[in-house]
Amino acid sequence: MMNSIILNAATRLLVALLLMFSVYMLLRGHNLPGGGFIGGLIGSTGFVLYAIAQGAPATRRALRAEPQSLAMVGLGIALFAGVFAVFFDDAFFTGQWLFIGATEDDKGLPISTVLVFDIGVYLVVFGSILTLVLALEEEV
Amino acid sequence: MAGGPAGWISVLIPAALFAYFLGFVPAVSDGDVILLATEWVPSLDIRLSVMIDGLSLTFALLITGIGTLVTLYSTKYLGSHPEYPRFVLYLMAFMVGMLGLTLSDNLLALFVFWEVTTISSYLLIGFNSDSAKSRRSALQALLVTGTGGLALLAGMILLGNVAGSFELSVILQQGDMIRAHPLYVPIVILFLAGAFTKSAQFPFHFWLPNAMAAPTPVSAYLHSATMVKAGIYLMARMNPGLGGTDLWFWTLVIAGGFTTVFASVLALRQTDIKQVLAYTTLMALGALTLFIGAGTSDAIKAAMLFLVVHSLYKAALFLMIGVVDHATGTREVGVLRGLARKMPLTFVAAALAAISMAGIPPFIGFIGKEFLYKAGLGLEQGSLWVTGTIFAASALMFVAAGIVALRPFLGKLADTPKPAHEGPMVMVIGPLILAVLGLFFGLFPDTIEAWLVAPGTWAVYGSPDVSVDLYLFREVNAAFILSMVTFATGVVIYVFHRSLRDALGRLFAANPIKFDPGWDRVLDGLKALAGWQTRILQSGVLQRYLFVVFATLAIGIGGTIWTKDALNFRLDLAAELDGLLFKHWAVLVFIIAGALLTAYTRSRMTAIAALGVVGIGVALIFIMFSAPDVAITQLLVETLVVVLVAVAMLKLPHLDPVGTKDRRPWHAVLAVAVGVCVTAVLVAVLQGDIDRRLTDYFEVTSWPEAYGRNIVNVILVDFRALDTFGEIAVVVIAALSAYALLRGTHYKGRKPDTAEDET
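Caption draft 1: Layout of the overall build of chain A. The number of helices and strands found in chain A is 5 helices and 2 strands. Along chain A, helices (α) and strands (β) appear in the sequence α-α-α-α-β-β-α when read from the amino end. If you line up chain A on its principal axes, its C-alpha atoms span 60 × 30 × 20 Å. Classification of the 140 residues of chain A by burial places 50% in the buried group. Considering only intrachain contacts with a sequence separation of at least 6, the fraction spanning at least 24 residues in chain A is 63%. Total accessible area on chain A stands at roughly 6800 Å², and carbon and sulfur atoms take up 70% of it. In chain A, 6 positive and 10 negative side-chain charges are present, and the distance between their average locations comes to 15 Å.

Caption draft 2: Region of the structure containing the pattern of salt bridges. Counted under the stated rule, the structure contains 14 salt bridges over all chains. Between K301(B) and D298(B) there is a salt bridge whose closest N-O contact spans 3.2 Å. In this pair, K301(B) and D298(B) both sit in helix α15 (residues 297–328), 3 residues apart, roughly one turn of the helix. A relative accessible area of 7% places K301(B) in the buried class. Note on D298(B): relative accessible area 24%, which makes it partly exposed. Overlapping salt bridges bring together R60(A), E66(A), E138(A) and R743(B) as one network.

Caption draft 3: Quick peek at the packing of aromatic side chains. All names here are of chain B. This structure, assessed with the given rule, holds 32 aromatic pairs over all chains. Measuring from centroid to centroid gives 5.2 Å for F347 and F409, while their planes differ by 45°, and the two rings are tilted. Here F347 is found in helix α16 (residues 344–358), whereas its partner F409 is found in the loop between α18 (383–405) and α19 (425–443), with 62 residues between them in sequence. A residue is classified by how much of its surface remains accessible, and F347, at 22% relative accessible area, is partly exposed. Looking at F409, the relative accessible area reads 2%, which means it is buried. Between the NZ or CZ atom of K198 and the centre of the ring of W114, over which it lies, the distance is 5.0 Å.

Caption draft 4: Molecular detail of the confidence of the model for chain B. Residues and elements named next belong to chain B. Of the residues in chain B, 95% have a pLDDT of 70 or more, and the chain-wide mean is 85. No element of chain B has a lower mean pLDDT than strand β1 (residues 34–41), at 79, and none a higher one than helix α9 (residues 184–198), at 93. Across residues 748–759, confidence stays below pLDDT 50; counting only partners more than four residues off in sequence or on other chains, it has 20 contacts. Model confidence for the complex: the whole-complex pTM is 0.71, and ipTM, which rates the interface, is 0.91.

Caption draft 5: How the structure looks around empty space enclosed by the protein. Residues and elements named next belong to chain B. According to the stated counting rule, one finds 7 cavities of 30 Å³ or more in the structure shown. Lining the largest cavity are 14 residues, with F306, M357, K369, S394 and M397 sitting closest to its centre. Of all elements in the fold, only α15, α16, α17 (364–377) and α18 reach the threshold of two or more residues within the lining of the largest cavity. The dominant element in the lining of the largest cavity, judged by the number of residues it contributes, is α17, at 4 residues. Here the lining of the largest cavity is built from residues that sort into 8 nonpolar, 5 polar and 1 charged. By volume, the second largest cavity is sized at about 80 Å³.

About the thresholds
Residues numbered from 1 in each chain as written. Chains lettered and ligands numbered in written order. Predicted model: local features only at pLDDT ≥ 70, side-chain atom pairs only at ≥ 80, totals over all residues. Heavy atoms only, no water. Helix = DSSP H or I, 4+ residues; strand = E, 2+ residues; numbered from the N terminus. Buried < 20%, exposed > 50% of the residue type's maximum accessible area, 1.4 Å probe, protein only. Contact = heavy atoms within 4.5 Å. Areas by Shrake-Rupley, 256 points an atom, 1.4 Å probe, with all protein chains shown as cover. Lys, Arg positive; Asp, Glu negative; His and termini not counted. Charge placed at Lys NZ, Arg CZ, Asp CG, Glu CD. Salt bridge = Lys/Arg side-chain N within 4 Å of Asp/Glu carboxyl O. Phe/Tyr/Trp six-rings, centres within 6.5 Å; stacked < 30°, edge-to-face > 60°. Lys NZ or Arg CZ within 6 Å of the ring centre and 35° of its normal. pLDDT = per-residue confidence, 0-100. 1 Å grid on protein atoms, 1.4 Å probe; cavity = no way out; pocket = protein on both sides within 12 Å on 5 of 7 lines; lining within 4 Å. Points joined across faces, edges and corners; volume = space filled by probe spheres on them. Nonpolar A, V, L, I, M, F, W, Y, C, P; charged D, E, K, R; others polar.

Right, dumping it as structure tokens:
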């Protein structure tokens, strides 16, 4: 933890921006550079910054959940997204798609298990990195 | 009944199965082969297929029939033991394994059941787990038979590939093709390694006498009547496919013949009756190996008959000695005398079984011996060796029968640790039934011939054209005369057997080659080797681990380049470099500068920052060659790594500021070597055409099939989602392990290792 007023002040803004950016990267990943992996890295960078500025205990409070639990939940979500296909007589991890409001020319709003899977990846990366960083911070 | 519900359930199951298998006798004795199959692991070509022919039915009836008597016996013998239900569980597991082994038509399924019997045998030998001797014997049996099992698995895979199927019913019809195949010799060696260890053939014989540390019902059931015959079963089963060559003939005939004589001599040396029986079991296993190897129709017939005969009398004798042990508290031949009056029923069982073992008419044992002689005399090659070893072994068996069943029961009653009394009925009934069966089959040999021996012979010989005709006595021929000479020899040896035993004891004491202590030395050597290599490899110093990892990488890549002559091309360096733009040169300089700074700086913080510079330079390369996803990931990971390492570094000692201690020339050499090798392999790869089939496929299908334009992401979350799932599982496990390590060492004040989390 560093006692720097500038860092402290900047962090409040940066964490929010980074988290929002990370969700943006996650959602656009299927068509443009991004995705769950990159999103998770960006999101965790935000909290790592927070941990450096405010210390590990404050970060844990801000997270509201244990980071290792977040990682496990992410793994569970990814598994669920994979198993979901079995209910539709497909092989494991076959993407299932639903196009809301689709017309002849427009595919509408696509909702898919592939996105759910990517959210799982996001949480795994996010949770795993924070697990490590916070444990290291507290160790030192 | 003693033993509670576990007791009667354990008796009912084998009894019901025995009745069930009896139902197959009429069909099988007509020469039918019953095949049943269901898919088990279809992707690995493992089917749960069952083949019931004469051989497997004979085994199934022995397993369930003797199993019923043994479990009944155990209700009294072990029923009050606090761990009795556990014993029943192991025994049932064994029975399942043994039935599966003998009935399975699929080699791989057979192997699984083979290992089930190995493991349950281990658990049963070590049942008295508070005795160090039991534990050692159990482990010895496990290691010897387990090693053989591994060899067997390798042999089965080879055979499966050669024959194109793992189904025995298919393999055994291709005998001529298999025997002519270049892999025939390794297959036979591997199969025999499995069979010889399991059936305790010389030089793997030493585990079986030690296995007698198991409770007596186990010895009777596993280590005499059934499990040790699994190796015999395997050789008999494979005979139509692998047998009939000189290699098969001589290996089996020499190993079997040697084992049979060696074991029967050793049997005379023992003073513990159970040990005498253990060695005579070895003798029987040797004889069976010998006759399966001999391979003529007469020899197979003799082996199949002897298999049943031996199981009957040997199980009876083992159970009998358990009763005696239970009643008197000892199994020493020197102590037991005159028990006949106190234990009349046990004596009857012992005497009947022993007469069969000695090969005296009109018992089935006599017929068994006659057919062994007949087959031995009829051999075209090796006749003298086979007949000679069987003669020696039979004469010594005669003596052993006397030692086991005559001496303890006749004469004047001697003092025993416990006062002798008749055993309980449930324990005496088993040996009695088995012994009486020996007499019944001797008087009516047609029954056993039609039910078991003839169909069994057809299965092992591989053709149903062999006529089997058992008889007690027909004429005075060479075999009959040999029998009479055997009796005479046996009587003479029996008269002198006590002084012979002392002489043998002195002889073996002087013998420098001892298998059992030799086994200990092998194990000690193995442990020392394991300790030595662990101390070398697991130094606990992170630098050395990394050194080993990178040295392996350099040697692996460099060695492959060298042996494959991969650098055999002309590289036009000038033309290659000509294509580089200014920005490429700039990044290159950037990376090289960062790397040099990392290596030469005296400050850790500078080193880490410089390493970050290298990473960012690599990310720039990704951007220039349009891989934005990879570049973003690389940048983020670099950032996080610098933060992580910087945090961890606060705990590390300072670098040597003068810079003499930290000079590590070997590390420099290794770093250069890895760099050169990786560069060389990349250049070599770029010389050839790159296979773009996958790239093309993803480019074409990404949008129409997976509705995504970012191919990298589509591959990650859709085309290769299972791989990604595996990777994120690894990420979570790595994070949790690092977390546990950091937390676990927290209070001991140790330095944490840096665990990085990159994928």
